[in-house]
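An overview of the molecular structure
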Amino acid sequence: MIYDTFFARAMSRPLFDLLLKGLWETVVMTGVSGLLSLVIGLPLALILVTTDRGGIYQNLVVNRALGWVVNALRSVPFIILLVAVIPLTRLIVGSAIGIAAAIVPLTIAAAPYFARVAEVSLREVDRALIDAARAMGATRPAILREVLVPEALPGIVSGFTVTLVTLIGASAMAGAVGAGGLGDIAIRYGYQRFETAVMVAVVVILIVMVAGMQWAGDRLARAIDHR
Amino acid sequence: MTETGEAPVADFHDVVELHDVVRRFSGRPALDGISLSVARGEIVGLIGRSGAGKSTLIRCLNGLDRPEAGRVVIAGTDITRMDETALQPIRRRIGMIFQHFNLMSAKTVAENVALPLKIAGQTKAARQKRVMELLDLVGLADRAGHYPAQLSGGQKQRVGIARALAPEPLLLLSDEATSALDPETTQAILTLLQDVNRQLGLTILMITHEMEVVRQIAHRVLVLDGGRIVEEGPVARVLASPQTETTRSLLRGLSPVLPLDVAARIAPTGNQALIRLDVYGPAARKPLLAEIETVTGQPPRLVHGGLNDVQGEPYGRLFLALGTADADRITAVIDRLSPEATAVELLGYVPHDL
Ligand SMILES: Nc1ncnc2c1ncn2[C@@H]1O[C@H](COP(=O)(O)OP(=O)(O)OP(=O)(O)O)[C@@H](O)[C@H]1O
Ligand SMILES: [Mg+2]
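An account of the accompanying structure is given in this report. (Residues numbered from 1 in each chain as written. Chains lettered and ligands numbered in written order. Predicted model: local features only at pLDDT ≥ 70, side-chain atom pairs only at ≥ 80, totals over all residues. Heavy atoms only, no water.)

Attention now moves to the sheet that holds strand β14 (residues 343-350) of chain B. Strand-to-strand pairing in sheets goes through backbone hydrogen bonds, with the strands running parallel or antiparallel. Residues and elements named next belong to chain B. Read across the sheet, four strands follow the order β12-β13-β11-β14 without closing on themselves; strand pairing throughout is antiparallel. Whereas interior strands pair on both sides, the edge strands pair on one side only; in this sheet they are β12 (301-310) and β14. Neighbour to neighbour, the strand axes of the sheet diverge by 10 degrees on average, direction disregarded. Pairing geometry for strand β11 (residues 272-280) and β14, over seven bridges, is antiparallel. Paired with Ile275 across the strands is Leu346, a residue of β14. Against the sheet, helix α12 (residues 327-337) makes contact with β11 and β14, and its axis sits at roughly 160 degrees relative to β14, the strand it touches most. (Pairing = 2+ DSSP bridges. Helix = DSSP H or I, 4+ residues; strand = E, 2+ residues; numbered from the N terminus. Axes fitted to C-alpha atoms, helices over the stretch in contact; angles between N-to-C directions. Contact = heavy atoms within 4.5 Å.)

In structure tokens form, the structure reads like this:
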């Protein structure tokens, strides 16, 4: 790497490797739980919108029940959720510590969050467009595929960006309970051993990550927005 | 024909039949007992004030809106209580042009026009061919790759028209298809609709506030007011002699009215009678002025008005000064004209020099 020599001069080789490992772990945690949140959250959002009154799959019982679950999950502070789901994490991953273990609570927190954010965008799709598709004889899956999702996509992309940014922060918190990643490094070196340089390095890396992600997300959202 | 999914089309004469259709919005009726039928190949104009229930009426025809009471029969099939899934094949045979365009913002012009074909399960190659044909027809071939947000109102409406015609529908429901268009484009679209009507027997139900549109292509006109049909009939008849106040006010500007200075000189007595004569069809082709002369002994004078035509049918309103004030002769003139004319009315008397 080009920056190798620069960083090697600025900090010790072991520290650089440590940060690189932490960065990688954060990227994996954020990426995997982000992807899972997308895969789980988008269908949840579609169900929340389409089962509501006047929706194409109207079913108020399902709607209220799902809305309640999503709200309940969203109202639990992440730090408590982190501990509360440990038994479930053990069941799924086989361990309560490590990156894989952190992905479980991160996903459980982020999926309902993303579902709500995506739901807002889906609700903003003009009913008249759904009517136009119905008038063409579109089946309900076709309405989802051709109208609801494409029309809400710019908002969904923005919402997913926000979700990823939130996940970076949450993954740092997960680090505090032994999940690894940049948060873990910041706590162990920066906080417990008073190595301020490590702390600063971690913060700088996080800022760059978040800013980069936001920039890319905004650009993508703008590129697909033809309204 | 294209490989569109065929609706269960029974043997039918009327493409649309409504029986006592009622639709209420929070208790207030938007449609208050509508019965009508539209024959195959007919072009029917639907006019009425804002809020009369026009859009609600056409939304009931493809099940976008459901009536509380009454029956809706499309191409021989009763759709009143059909569920959404059962309606789908029928909707694929009904094109709809929306008042507010309703184009998909995330799709290009070509993708918008292709959407009904995609929904009907056509292959990509078949879709592309048909889309280009239609875009050529509405003059937007060069905009195929643009998004609706990049188009003017008139261009969007033309995309909506192309989209509605794409699946070669049996019935076209049009909500103000031409209101966003300039006169030239309106002409082009009307000619297009008329061609499709003649060549493919497309049945068209069109809402419009432009009487000129009704005059040019409709065979029959329905006037809606407060959710009821207050007048209906052949366009020439309704234009020549509107029977209700609603129709008269909708037609204002199209039917000639007496200039104010002339109207001001009408009195209960005077030198000569002034009559209003409404005629249409065969009656309008007769030498009516000569007939009047044989009764009165002198040629009537045309004060105002004249003849126009609706798809080859003449119709018009004439204001005639008879040259005499003799009560017997005036009665004789009115008796003579009454069987021929749609309406004859003695307006009053005016001075000789009028
Ligand atoms: N979805 C709705 N909810 C409540 N009221 C409605 C709804 N749709 C229509 N209405 C009411 O029904 C009546 C008829 O409306 P409609 O849209 O059919 O009128 P229109 O004749 O098409 O008018 P315009 O020429 O302005 O388009 C109006 O009083 C309107 O307020
Ligand atoms: Mg309307």
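This part is about the nonpolar core. Of all hydrophobic cores here, the largest spans 75 residues; its most connected members are Val16, Leu18, Leu61 and Ile74 of chain B. Among the elements that line this core, the one with the most residues is helix α8 (residues 140-179) of chain A, at 13 residues. Those residues in contact with Val16 of chain B that sit more than four places away from it in its chain are Leu36, Ser37, Val38, Leu61, Val73, Ile74 and Leu171 of chain B. (Core = buried A, V, L, I, M, F, W, Y, C linked by side-chain atoms within 4.5 Å. Buried < 20%, exposed > 50% of the residue type's maximum accessible area, 1.4 Å probe, protein only.)

Right, let's get into the coordination of the magnesium ion (ligand 2). In ideal tetrahedral geometry, four donors around a metal make angles of 109.5 degrees, whereas ideal octahedral geometry with six donors gives angles of 90 or 180 degrees. Residues and elements named next belong to chain B. The protein atoms that coordinate the magnesium ion (ligand 2) are Ser55 (OG) and Gln99 (OE1), at distances of 2.0 to 2.5 Å. Here Gln99 lies in the loop between β6 (94-97) and α3 (109-119) and Ser55 lies in helix α1 (residues 54-61), a separation of 44 residues in the sequence. Judged by its relative accessible area of 24%, Ser55 falls in the partly exposed class. Residue Gln99 is classed as partly exposed on the basis of its relative accessible area of 34%. (Donors = N, O, S within 2.8 Å, 3.2 Å for Na, K, Ca; no water.)

So, on to the site of ligand 1. Residues and elements named next belong to chain B. All residues in the neighbourhood of ligand 1 are listed as Phe25, Ala30, Arg49, Ser50, Gly51, Ala52, Gly53, Lys54, Ser55, Thr56 and Gln99. The contact in question runs from an oxygen atom of ligand 1 to an N or O atom on the backbone of Ala52, over 3.2 Å. A distance of 2.7 Å is found between an oxygen atom of ligand 1 and a side-chain nitrogen or oxygen belonging to Lys54. Calculation on ligand 1 without its partners gives an accessible area of 630 Å², and the protein chains cover 58% of this total. For the shell around ligand 1, the element with the highest residue contribution is α1, accounting for three residues. (Near = heavy atom within 4 Å. Polar contact = N/O pair within 3.5 Å; in protein donor to acceptor, adjacent residues only side chain to side chain. Areas by Shrake-Rupley, 256 points an atom, 1.4 Å probe, with all protein chains shown as cover.)

Take the pattern of salt bridges next. If you walk through the whole model with that rule in mind, you get 37 salt bridges over all chains. Ionic pairing is found between Glu231 of chain B and Arg237 of chain B, a salt bridge with its closest N-O pair at 3.1 Å. Arg237 of chain B shares its class with Glu231 of chain B; the two are buried. Among the charged side chains, a network of salt bridges with common partners joins Asp131 and Arg134 of chain A together with Arg23, Arg59, Asp65, Arg66, Glu68, Glu84 and Arg91 of chain B. (Salt bridge = Lys/Arg side-chain N within 4 Å of Asp/Glu carboxyl O.)

Residues and elements named next belong to chain B. The buried fraction of α1 amounts to six of the eight residues, a majority that puts the element mostly inside the structure. Residues of α1 that are buried include every one of Lys54, Thr56, Leu57, Ile58, Cys60 and Leu61, and no others. Positive backbone phi, approximately 75 degrees, marks Gly63, located one or two places after α1.

The next thing to look at is the interface of chain A and chain B. Taken together, the contact between chain A and chain B spans 18 residues of the former and 24 residues of the latter. With both chains or domains summed, chain A and chain B bury close to 1,900 Å², and 58% of this area falls on carbon and sulfur atoms. Inspection of the region where chain A meets chain B yields four salt bridges. At the junction of chain A with chain B, the criterion picks out ten residue pairs in polar contact (both at pLDDT 80 or more). Breaking the side of chain A that touches chain B down by element, the ones donating at least two residues are α7 (127-135) and α8 of chain A. Residue contributions to the side of chain A that touches chain B peak at seven residues, all from α7 of chain A. Of the residues that constitute the side of chain A that touches chain B, the class distribution is nine nonpolar, three polar and six charged. (Buried area = accessible area lost by both parts, 1.4 Å probe. Nonpolar A, V, L, I, M, F, W, Y, C, P; charged D, E, K, R; others polar.)

Purely geometric stuff here, so don't read any function into it on its own.
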